[in-house]
Amino acid sequence: MNCESESLLEIKDLKIAFKTPEGIFHAVKGISLEVGKREIVGIVGESGCGKTVTALSIMHILPDNSVATGSIDFSGIDLLSLKENETRETRGRDISMIFQDSLSSLNPLMKVGRQIEENLMMHTSLDSRNRFLEVLDIMHKVGLPDPEQTYKKYPHELSGGMRQRIAIAIAIVCNPDLIIADEPTTALDVTVQAQILELLRKINRESNSSIIFISHNLGVVREICSIVYVMYAGHIVEKGPVNKLFTDPAHPYTMGLIKAIPKRDSKGKELFDIRGRVPSIADSIPGCPFEPRCDYAVERCKKEFPGFKKIANDHEARCFLAGDI
Ligand SMILES: Nc1ncnc2c1ncn2[C@@H]1O[C@H](COP(=O)(O)OP(=O)(O)OP(=O)(O)O)[C@@H](O)[C@H]1O
Ligand SMILES: [Mg+2]
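Now for a description of the structure that goes with this document. Note that the coordinates shown come from a computational prediction; the quantities given were computed from them, not determined experimentally.

### Structural notes on the overall build of the protein
Moving on, step 1. Across its full length, the protein holds eleven helices and twelve strands.
Moving on, step 2. Its C-alpha atoms give the protein a radius of gyration of 20 Å, within 12% of the compact-globule value 20 Å for 325 residues.
Moving on, step 3. Dimensions of the protein, computed from C-alpha atoms along their principal axes, come out at roughly 65 × 50 × 45 Å.
Moving on, step 4. Counting across all 325 residues of the protein, residues that qualify as buried make up 40%.

### Quick word on the sheet that holds strand S5 (residues 77–78)
Moving on, step 1. Across the sheet, four strands lie side by side as S2-S1-S4-S5; this open sheet has antiparallel pairing. Across the chains shown, the open sheet's two edge strands, defined by having one partner strand only, are strand S2 (23–36) and S5.
Moving on, step 2. Where strand S4 (residues 66–74) and S5 come together, two bridges link them in antiparallel fashion. Pairing of Asp73 across the sheet is with Asp78, part of S5.

### Some points on unusual backbone geometry
Moving on, step 1. The backbone of Arg38 shows a phi angle near 70°, a positive value even though the residue is not glycine.
Moving on, step 2. With respect to the secondary-structure elements, Arg38 resides in the loop between S2 and strand S3 (40–44).
Moving on, step 3. With 18 C-beta atoms counted inside 10 Å, the residue Arg38 sits in the partly exposed group.
Moving on, step 4. Its identity is not glycine, yet His60 carries a phi of approximately 65°, on the positive side.

### Overview of the environment of Met121
Moving on, step 1. Tracing the backbone through its elements, the reader meets Met121 in helix H4 (residues 112–123).
Moving on, step 2. Among the residues examined, Met121 registers 12 C-beta atoms within 10 Å and is labelled exposed.
Moving on, step 3. Distance from Met121 to Lys83, taken between C-alpha atoms, is 21 Å for residues 38 residues apart in sequence.

### What about the pairing of strand S11 (residues 309–312)?
Moving on, step 1. Examined bridge by bridge, S11 and strand S12 (residues 315–317) share three bridges and lie antiparallel to one another. Opposite Lys309, over in S12, you have Ala317 as the bridge partner.

### Considerations on the site of ligand 1
Moving on, step 1. Not every one of the 16 residues close to ligand 1 is listed here, only the nearest: Phe18, Ala27, Ser47, Lys51 and Thr52.
Moving on, step 2. Contributions of two or more residues to the shell around ligand 1 are made by strand S1 (7–20) and helix H1 (51–59).
Moving on, step 3. A total of three residues in the shell around ligand 1 trace back to one element, the largest contributor, which is H1.
Moving on, step 4. Split by residue class, the shell around ligand 1 holds six nonpolar, nine polar and one charged.

### Thoughts on the sheet that holds strand S8 (residues 210–215)
Whether parallel or antiparallel, the strands of a sheet pair through hydrogen bonds between backbone atoms.
Moving on, step 1. Spatially, S6-S7-S8-S3-S9-S10-S12-S11 is the arrangement adopted by the eight strands of the open sheet, whose pairing is mixed. Lying at the two open borders of the sheet, with one neighbouring strand each, are strand S6 (95–98) and S11. Each neighbouring strand pair of the sheet contributes to a mean axis angle of 20°, computed without reference to strand direction.
Moving on, step 2. Taken strand by strand, H1 contacts S3, S6, strand S7 (178–182), S8 and strand S9 (227–232), and its axis lies near 150° from that of S7.
Moving on, step 3. Lying over the sheet, helix H7 (residues 160–172) contacts S6 and S7, oriented at roughly 175° with respect to S6.

### So, the packing of H7 against helix H8 (residues 190–207)
Moving on, step 1. Close contact between H7 and H8 brings their axes to 11 Å; oriented N to C, the two are set at 15°. Classified by the angle between their axes, H7 and H8 sit roughly parallel to one another. The handedness of the crossing between H7 and H8 comes out as right-handed. For the pair H7 and H8, contact is made by Gly161, Gln164, Ile168 and Ile172 and by Val192, Gln195, Ile196, Leu199, Ile203 and Ser207, respectively.
Moving on, step 2. Partitioned by chemical class, the residues of the contact of H7 with H8 number six nonpolar, four polar and no charged.

### Things to note about the packing of H4 against helix H5 (residues 128–141)
Moving on, step 1. The geometry of H4 relative to H5 is characterised by a closest axis approach of 9 Å and an angle of 120° between their N-to-C directions. By the criterion of interaxial angle, the relationship of H4 to H5 is oblique. In this structure, the crossing between H4 and H5 has a hand that is right-handed. Contact residues: H4 offers Gly113, Ile116, Glu117, Leu120 and Met121, while H5 offers Arg131, Glu134, Val135 and Ile138.
Moving on, step 2. A per-class count over the contact of H4 with H5 returns five nonpolar, one polar and three charged.

Calculation rules
Residues numbered from 1 in each chain as written. Chains lettered and ligands numbered in written order. Predicted model: local features only at pLDDT ≥ 70, side-chain atom pairs only at ≥ 80, totals over all residues. Helix = DSSP H or I, 4+ residues; strand = E, 2+ residues; numbered from the N terminus. Rg over C-alpha atoms; globule rule 2.2 N^0.38 Å. Buried ≥ 20, exposed ≤ 12 C-beta atoms within 10 Å, placed from the backbone. Pairing = 2+ DSSP bridges. Near = placed C-beta within 6 Å. Nonpolar A, V, L, I, M, F, W, Y, C, P; charged D, E, K, R; others polar. Axes fitted to C-alpha atoms, helices over the stretch in contact; angles between N-to-C directions. Contact = placed C-beta atoms within 7 Å. Parallel < 35°, antiparallel > 145°, perpendicular 65-115°, else oblique. Left-handed = near helix turned anticlockwise from the far one by under 90°.

Scope: geometric values only; no functional claims are made or implied.
Right, dumping it as structure tokens:
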């Protein structure tokens with residue numbers, strides 16, 4: 001969190017485990033993070049590192065086979081200790097989520113305008129006329145053309161970019177304090193991606209909502225976030241202001257993610273990939289989980305996973321060599 005901003009969300013030592021027929025596996029292994037009021041905070045990492053399940057735990061919609069421990073303080077309320085009926089009120093009104101895949105998160109059998117309106121029905125006392133007007137207004141705000149016509153469409157009748165705008169409209173219609181955007185631009189082409197990023201920036205500016213922006217692409221995160229948490233194998237391995245992460249990355253994993261950002265002139269050229277693969281949640285790892293893929297690993301990294309090492313006041317990383325590479 002930026003030192004000037006007031007805290008909105010504070011996650012402490014969050015652990016998420018899944019009970020499966022093969023055993024109990026830990027997808028998130030004790031992470032802590034903070035989001036300030038009006039801040040846009042990024043969570044970045046490769047596939048399977050625990051970004052979405054972290055978001056689902058904030059929304060209180062983890063799958064039934066999961067157990068979450070630790071604390072998630074949202075404006076003084078511990079979300080993890082709330083009962084289901086209490087979280088239903090918070091969800092959609094105070095905190096909302098734009099899901100990873102807008103096509104499957106929208107109801108294919110319901111007109112899109114109606115899907116936006118449902119959130120207003122649940123969380124406001126507006127009558128149907130005013131709800132309708134509010135939906136048209138929000139559709140206009142998110143840049144959907146001809147709101148009255150678009151209201152009546154079904155998701156499959158819209159382009160990917162338009163569907164993502166509907167998903168954003170559903171998320172912001174009740175003016176939440178916190179929006180979690182999980183890979184909101186991954187399936188979109190570059191031009192539409194830029195438009196959606198600009199829309200999220202505008203929402204953050206005009207409605208004062210804080211945003212947690214999740215992506216596997218550090219390049220996209222750089223365009224929108226002020227603070228970034230880098231996640232690897234269920235851990236946060238580096239956190240800091242986005243510019244410091246780029247000018248002075250401290251964890252070899254962050255360095256790899258920066259190298260892997262596709263360049264504008266990389267068309268036709270081979271993209272850099274961090275060697276090896278992300279460990280499975282079923283792997284038991286005694287030392288640093290990144291050690292097998294790390295170019296800087298020393299003997300000690302095989303046995304020990306260090307805590308956070310401070311590089312600056314607002315910048316730290318879980319690596320023995322942080323600040324020295
Ligand atoms: N219901 C479940 N039961 C068992 N394991 C699960 C369940 N849901 C998620 N997982 C596991 O938890 C880990 C983290 O998954 P998560 O979806 O959070 O990854 P992610 O970082 O969002 O990846 P991606 O970039 O692909 O979206 C993965 O190993 C995944 O297989
Ligand atoms: Mg995900």
